[in-house]
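Spelled out, the chains give:
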Amino acid sequence: MSMVENEDLVEVVRREQQLLDPTIRESGQRVRELLHPDFVEYGASGRTWDRATVSAALSANPLRIQHPSQSIHRTS
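Every chain is numbered on its own, with residues counted from 1 as its sequence reads. This being a predicted model, a pLDDT of at least 70 is required before a residue's local features are given, and a value of 80 or more before pairs of side-chain atoms are given or counted; all residues contribute to the totals for chains, interfaces and linings. For the side-chain quantities, the full set of heavy atoms in the structure was used; hydrogens and water were omitted.

## Section: the pattern of salt bridges
To be explicit about the condition: Each salt bridge in this description consists of a side-chain nitrogen of Lys or Arg and a carboxyl oxygen of Asp or Glu lying within 4 Å of one another. The helix count covers DSSP runs of H or I at least four residues long, the strand count covers runs of E at least two residues long, and both are numbered beginning at the N terminus. Between buried and exposed lies partly exposed: a residue is buried under 20% and exposed over 50% of the maximum accessible area for its type, with that area taken using a 1.4 Å probe on protein chains only.
Tallying each qualifying case throughout the model produces 3 salt bridges. For R15, the salt bridge is made with E11, and the minimal N-O distance between the two is 2.8 Å. Note that R15 and E11 are positioned in helix α1 (residues 3–18) at a spacing of 4 residues, about one turn of the helix. For E11, a relative accessible area of 28% corresponds to the partly exposed category. Between E33 and R30 there is a salt bridge, with its nearest N and O atoms 2.9 Å apart. Here E33 and its partner R30 are both found in helix α3 (residues 28–34), 3 residues apart, which amounts to about one turn of the helix. According to the relative accessible area criterion, E33 is partly exposed, its value standing at 41%.

And the structure:
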């Protein structure tokens, strides 16, 4: 892996980790800043998620991610 590829991978992982932070997930603006404008994700159900859809869904109902030894729960 080249130095540039390694730096790109580090940046992608850093952004993914930030998306696990509940305070970032609650901010639609911050989520949009982390996702590429052309971001598209295909869910297991077949649903397509774009940047705007993900941003709106996370800010409306953020999932609280905790350490793996703790439970995961939704907040209202």
